[in-house]
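Here is what each chain is made of, one letter per residue.
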Number of protein chains: 2
Amino acid sequence: MSNGEVTQVIDGDDVLEPLKGTPKNYTLHKTSDLSLKSRAKKQFREKVPIVNWIGGYNNEFAINDFISGITLGLTIIPESIACALLAGLPPFYGLCSVFIGSFIYLVFGTINTVIVGPTSLVALVTIRFTIGKPIEFNFILTFLAGVVELIMGMLQLGFIFEFISMPVIKAFSTATAFLVIESQVKVLLGIKYLVPGFVESIRTLTYKIDEARLGDFCMGAFAIAFLLGFQYLGTIRVSGINKNSKFWNSFLRYLSLCRNTLVVAITSTFAAVWAYCLSEGESLPFRLSRNSVHGLPNFTFPSFYIETEDRSYNFFDILSELNFGIIVIPIIGLMTNISIGKLDPKGLVQSNQELLTLGLCNIVGSGVQSMPVSGAFSRAAISSASGIKTPMANLYSGIIVILALSFLSPYFNFIPESTLAAILVCALFSLIDFKIPIRLWRESKRDFITWVICFLSCVFYGVEVGLFVGITVTVAHLLYLWARPEIEVKIEQIGEMQYISLTPENGIYFPAINYLREKVLKACTHAEFQLPVVIHCHKMNGLDFTAAQGFSKLCGDICSNGQIQLLILYQMNSNFQKFVDIEHNLIFCESEEKLREILLQEQLKNGYIALKDHIRASIDLGYKIDMERLERHD
Amino acid sequence: MSNGEVTQVIDGDDVLEPLKGTPKNYTLHKTSDLSLKSRAKKQFREKVPIVNWIGGYNNEFAINDFISGITLGLTIIPESIACALLAGLPPFYGLCSVFIGSFIYLVFGTINTVIVGPTSLVALVTIRFTIGKPIEFNFILTFLAGVVELIMGMLQLGFIFEFISMPVIKAFSTATAFLVIESQVKVLLGIKYLVPGFVESIRTLTYKIDEARLGDFCMGAFAIAFLLGFQYLGTIRVSGINKNSKFWNSFLRYLSLCRNTLVVAITSTFAAVWAYCLSEGESLPFRLSRNSVHGLPNFTFPSFYIETEDRSYNFFDILSELNFGIIVIPIIGLMTNISIGKLDPKGLVQSNQELLTLGLCNIVGSGVQSMPVSGAFSRAAISSASGIKTPMANLYSGIIVILALSFLSPYFNFIPESTLAAILVCALFSLIDFKIPIRLWRESKRDFITWVICFLSCVFYGVEVGLFVGITVTVAHLLYLWARPEIEVKIEQIGEMQYISLTPENGIYFPAINYLREKVLKACTHAEFQLPVVIHCHKMNGLDFTAAQGFSKLCGDICSNGQIQLLILYQMNSNFQKFVDIEHNLIFCESEEKLREILLQEQLKNGYIALKDHIRASIDLGYKIDMERLERHD
């Protein structure tokens, strides 16, 4: 702003404290001036976020969180059982994965709407690394994923998640939802198999389609219809004619939120009654989730030596079998939490703190035979809808799960598998988003291509491969921008003096310098006369050593015919000037006045003087010439 | 340039053809207008560069190239034998690696100073992938490296070599020279062992130091002294007193260039004579390079099924054993050629053409049992010094090597190994460059750190790891620049109207958007009054979909307290504007006039009117106020 008056600069660690009164009076404090004590306090507040909100915790918050917590607890029970089945584990371990994480997240978590537990997304990736292996691999994976998260958090590596762009996240979540739904089709049809990969799964499904069972299908269809119906219930608004309309609205909404629990309660009661009525030798026409272990799990960290009938695994065998899993699981887990955090309007996600928290959840969780945990989109939707206020809801949902494990375990045996599949399918259907690619196609072809590549690799090569491919594609584009910056090349003139003008629109770093040199040499070849080369550096906001060396080398490049051609670096930042080695034909130039002078001198030296200048020179020497007649000829 | 008049734009595929006459008349042709025939011709000229220079080939060129070719041929013989030994191969295969490549490079090569053949650098990396394996692995590696190069060339992937910055190249070449010299110390001392890795090699050397042999040491010391002496000879200038001074200068220079051949001739003659004088049972006090095979190699492509006494390897076994080698060897080979090409002042390296050429050299070369080949710095130095003009020199050096293989093979048995080691040591000593890190330390700490990291990883973890680490570090920095662009944050004011001003110095892509949001929200928190936020976009030369969505989201972020706060995107490129979703508090603004108006309206609406404006408003309403007295209080 040309006439803008700068009042204050807010940047870095400066803390700008406005005083009450006129808006003009501000005082600036450096955080370095703050006392050691207040720094430690700040640090503590960052690392243990519960202290930030527990002081101001009031009745309103408590009521909201209590309702949300109970709702979520009831939702998470069938959901975590379904995730356990998806990961190829007995249902018991799904429930084990919930409560410890909840308590830890309550203290260290930063995102209100996150309820930690197993997710279908993580389960889908987990099974790719643990399929066909002993069950202990799951708990070790949880432990190692936790360790990786903790290390990443300590090294402040949270920023790497900023390199996952929106099209990649959207393609990834749509693909995951698509894959989970595909994987549940077989459960809804009552067919049993366990194969990795989309193509293989479809092939097996078509091959085994005649094994489909009517009982499972009916149960699944009922559950889906029930869930969709109750979801619709939540959108109904009883109008104001009825006196109790407010109560009814709340009641319907709550009924809608509890639909997962309701469908489980109804179908499992139905199954239990039917099973009670069966005579010996008969069996139910639909599958139930079997759950051999009862009660709370023991706390015992996984052993890093596994012995099976076939072979034994030591620590390094386990590591090499889990392979990239211990990197991919943390990335996916944190990516989910960050994505949920970004849905919160005011929320700035503290990714490092989330890494530390998830790390703790997983490490401690592995002691109670937990699967890898994180937040889940489906739960976040319920959190928001049920008016959650703080992470305190984690406490209530954790308690609900503990109670369920302690007292309800035997009854879990009666939950039909197709009900659980229906819950997963309905929860993930909302994640499938084909509006985004259509919009991207219209507005940004490059982002659209990223979406397509990422989606297809997720579906055909697995979600972890797809995520990697998506990130690679977007990062490659960022690098390409440094390799091929926009450079405007023109032949310009000041007065009668021509010169080749290059304007890089961005900083010049090492991948771009050869491109710049090529542009200059091409322009020099095209302009037959040896015109001076002027590089406008006012938009060049970065330069490294390699690129600076390239400028010096360019001086030699343009002189090689024996003739001296000037290279003028116009308005280059003085910090960058010192990188550039001085050459005899290199000139730094700050002002337009000086540029004009240099160009004139150069023109005189090379004898390229336009007629007018000749004449003016002649006038200076005392000759008399009819300027008007000349102008007419011009 | 404000008053600069744009005459022409040279960009993209435009061909600017200046007409003879005044420098003002240019005509523009689009290459798309060129006929198909001339396009095909251009393509052919690009792919077969020999046609560009063979027409104008004259006597002067021929003489220069002949002298250079002979010199290089004589140099390359001992050098390639030394490289073969370095790669753990019999000397014969070193010579096999030279001639085919030379003939191919003659036709397809683009860099005059490159003489294709084995290099110590590639040999050093080769042995890391072939150590302890059957000899055929070397030829298969050559073949596969060629295939990779050919594919990279066809996919136009040459640009990726621009991502190797100068500090990385310098650290890599210094480290390689250092490692090769270290590896030759044992040969100079007459100690035999073959272990991979610097640390392991040093450990073995100290362990075996008492096996050192005086004979080898003396021979090596003599050879080094001879080479250094003759190198010095080349710098002597006989002054004009003598009539024949020009002849003597040329003679000395030529003698200096042929020093490698001379030292081999002298020491092997010495060895041959000594061996002839030996009585039975006695042996020479220094090792000779043994060379069991005579004559020219047969042309036969390597088989992809290898059987040894212990085990057999099929194609996939071989692939998994060679591992990253088939990627690393092409990268190192091409990197060398590009680095040599860059030494040529006028040279613009055509990396894709070089990839294709090296690919051909290696694929065909593998048929004559060649090691992977590329240009070499040591040969490039000799090429330049001996006044090479075109790649024709490759023809002569190739013929020399064929003649040597045909007729001199038996005599190669008498070359002492320590002479060859001395040649390598002297050739590589000039590559060790510790001036660069010192300069980097002074001028650019970041580049210095890159150098140190790359150098240390090369030395301690192998050159291929070092190269990878170096590239990763530099590329990570480029990505970091996109994640944390410079954003200037100020509280500015126009007249009495204050606003929060943010100026991103660069394009905003997905990794930066959260950083920008954080900056805005921090500034909003610090400025207690709800000031409008103005983002100056004139330096923002890029925006993607994710970042644009972030701007829309930012509108929600700053409004969350229920109060409406304006977000003004000032001077945003209209191409980017369409990405940004319209929000109720988002305003695009082009001119300062309009910005002033918006700010005034906003101030009036929010009631933050400074006293003066109140008074002016009062005057407008008809009140009479003593303005002068007020001014004094102001």
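Bear in mind that the values here come from a model prediction, so they are computed numbers and not experimental data.

*Asks:* How should I be thinking about the overall build of chain A in this particular structure?
*Replies:* Scanning chain A from terminus to terminus reveals 26 helices and 10 strands. Within chain A, the fraction of its 634 residues that count as buried is 44%. At a minimum sequence separation of 6, the contacts of chain A that also span at least 24 residues come to 77%.

*Asks:* Even after reading the chapter, I still don't get helix α16 (residues 393-412) of chain B, so can you show me in this structure?
*Replies:* One full turn of an α-helix is made of 3.6 residues, so residues set three or four places apart face in the same direction. All names here are of chain B. Spanning 20 residues, α16 covers only 24 Å between terminal C-alpha atoms, well under the ideal 28 Å at 1.5 Å per step. Bending of α16 peaks at approximately 60° at the position of Ser 406, with proline Pro 410 no more than four residues after it. Residues of α16 that are buried include every one of Ala 393, Asn 394, Leu 395, Tyr 396, Ser 397, Gly 398, Ile 400, Val 401, Leu 405 and Phe 412, and no others. If you follow the buried residues of α16, they end up packed against α3 (59-86), α4 (91-108) and α15 (377-385).

*Asks:* Honestly, the environment of Asp581(A) in this entry has me stumped. Any pointers?
*Replies:* Take Asp581(A): it is sitting in the loop between α23 (574-577) and β10 (586-589). A sequence separation of 268 residues divides Asp581(A) from Tyr313(A), and the C-alpha atoms of the two residues are 60 Å apart.

*Asks:* I tried to follow helix α1 (residues 36-47) of chain B on my own but got confused; where do I start?
*Replies:* Between its first and last C-alpha atoms α1(B) spans 16 Å; for 12 residues at 1.5 Å apiece the expected length is 16 Å, and the two agree. Counting buried residues along α1(B), only zero of its 12 residues qualify, which leaves the element largely exposed.

*Asks:* Any chance you could explain the environment of Glu496(B) here in plain terms?
*Replies:* Take Glu496(B): it is sitting in the loop between β6 (487-494) and β7 (497-504). C-alpha of Glu496(B) to C-alpha of Leu599(B): the two residues are 103 residues apart in sequence and 9.9 Å apart in space.

*Asks:* Help me understand the confidence of the model for chain A in this model?
*Replies:* All names here are of chain A. Confidence in the prediction for chain A averages 81 pLDDT; 87% of positions are at 70 or higher. Mean pLDDT values for the elements of chain A range from 40 in strand β3 (residues 26-30) up to 93 in helix α6 (residues 136-154). Contacts from residues 1-32, a stretch scored under 50 in pLDDT, to residues over four places away or in other chains number 53 contacts. In the model output, the complex is listed with pTM 0.78 alongside ipTM 0.76.

*Asks:* Help me understand the pairing of strand β8 (residues 533-536) of chain B in this model?
*Replies:* The two faces of the sheet receive side chains in turn, since in a regular strand these alternate between them. Residues and elements named next belong to chain B. Residues Val 533 and Ile 535 line one face of β8 and the alternating positions Val 534 and His 536 line the opposite face, and both faces are buried. Relative to β8, β7 runs parallel, the two being bridged by three bridges. Counterpart to Ile 500 in the pairing with β8 is Val 533. Where β8 meets strand β9 (residues 567-570), four bridges bridge the pair, whose relative direction is parallel. Directly across from Val 534, in β9, lies its bridge partner Ile 568.

*Asks:* Any chance you could explain the packing of helix α7 (residues 166-188) of chain B against helix α8 (residues 198-207) of chain B here in plain terms?
*Replies:* For any two helices packed against each other, the geometry comes down to the angle between their axes and how far apart the axes lie. Residues and elements named next belong to chain B. Axis separation between α7 and α8 bottoms out at 10 Å; the angle between their running directions is 25°. Regarding the angle of α7 to α8, the classification is roughly parallel. As for the relative orientation of α7 and α8, their crossing is left-handed in sense. Of the residues in α8, those in contact with Leu 179, Glu 182, Ser 183, Val 185 and Lys 186 of α7 are Phe 198, Ser 201 and Leu 205. Of the residues assigned to the contact of α7 with α8, the class counts are four nonpolar, two polar and two charged.

*Asks:* Mind showing me how you'd approach the packing of helix α3 (residues 59-86) of chain A against helix α17 (residues 417-429) of chain A here?
*Replies:* Residue and element names in this part refer to chain A. Packing of α3 against α17 leaves a shortest axis separation of 9 Å and a crossing angle of 100°. The orientation of α3 with respect to α17, classified from their angle, is roughly perpendicular. Judged by residue contacts, Pro 78, Glu 79, Ile 81, Ala 82, Leu 85 and Leu 86 of α3 engage Glu 417, Leu 420, Ala 421, Ile 423, Leu 424 and Ala 427 from α17. Among the residues forming the contact of α3 with α17, the class breakdown is 10 nonpolar, no polar and two charged.

*Asks:* Even after reading the chapter, I still don't get the pairing of β6(B), so can you show me in this structure?
*Replies:* Within β6(B), six of the eight residues are buried, which leaves the element mostly enclosed by the surrounding structure. The hairpin turn running from β6(B) into β7(B), its antiparallel successor, is two residues long, and Gly495(B) in that turn takes a positive phi close to 60°.

*Asks:* Could you clarify how one ought to interpret unusual backbone geometry in this entry?
*Replies:* Most peptide bonds adopt trans geometry, and most residues besides glycine take a negative phi value. Residues and elements named next belong to chain B. In the Ramachandran plot, Asn 323 falls in the positive-phi region, its phi being about 55° despite a non-glycine side chain. The topology assignment puts Asn 323 in the loop between α12 (315-322) and α13 (325-343). Look at Gln 369: it is not a glycine, yet its phi comes out positive at around 55°. With respect to the helices and strands, the residue Gln 369 is situated in the loop between α14 (351-366) and α15.

*Asks:* It is not clear to me how the environment of Tyr515(B) should be interpreted in this structure. Could you clarify?
*Replies:* Residue and element names in this part refer to chain B. Structurally, Tyr 515 is set in helix α21 (residues 513-526). Judged by the 19 C-beta atoms lying within 10 Å of it, Tyr 515 is partly exposed. In the structure, Tyr 515 is positioned 30 residues away from Pro 485 in sequence and 8.5 Å away in space, judged by C-alpha atoms. Ignoring sequence-local partners within four residues, the contact set of Tyr 515 consists of Ala 483 and Arg 484.

Rules of the game
Residues numbered from 1 in each chain as written. Chains lettered and ligands numbered in written order. Predicted model: local features only at pLDDT ≥ 70, side-chain atom pairs only at ≥ 80, totals over all residues. Helix = DSSP H or I, 4+ residues; strand = E, 2+ residues; numbered from the N terminus. Buried ≥ 20, exposed ≤ 12 C-beta atoms within 10 Å, placed from the backbone. Contact = placed C-beta atoms within 7 Å. Expected span 1.5 Å × (residues − 1). Bend = angle between axes of the 7 residues up to and from the residue. pLDDT = per-residue confidence, 0-100. Pairing = 2+ DSSP bridges. Axes fitted to C-alpha atoms, helices over the stretch in contact; angles between N-to-C directions. Parallel < 35°, antiparallel > 145°, perpendicular 65-115°, else oblique. Left-handed = near helix turned anticlockwise from the far one by under 90°. Nonpolar A, V, L, I, M, F, W, Y, C, P; charged D, E, K, R; others polar.

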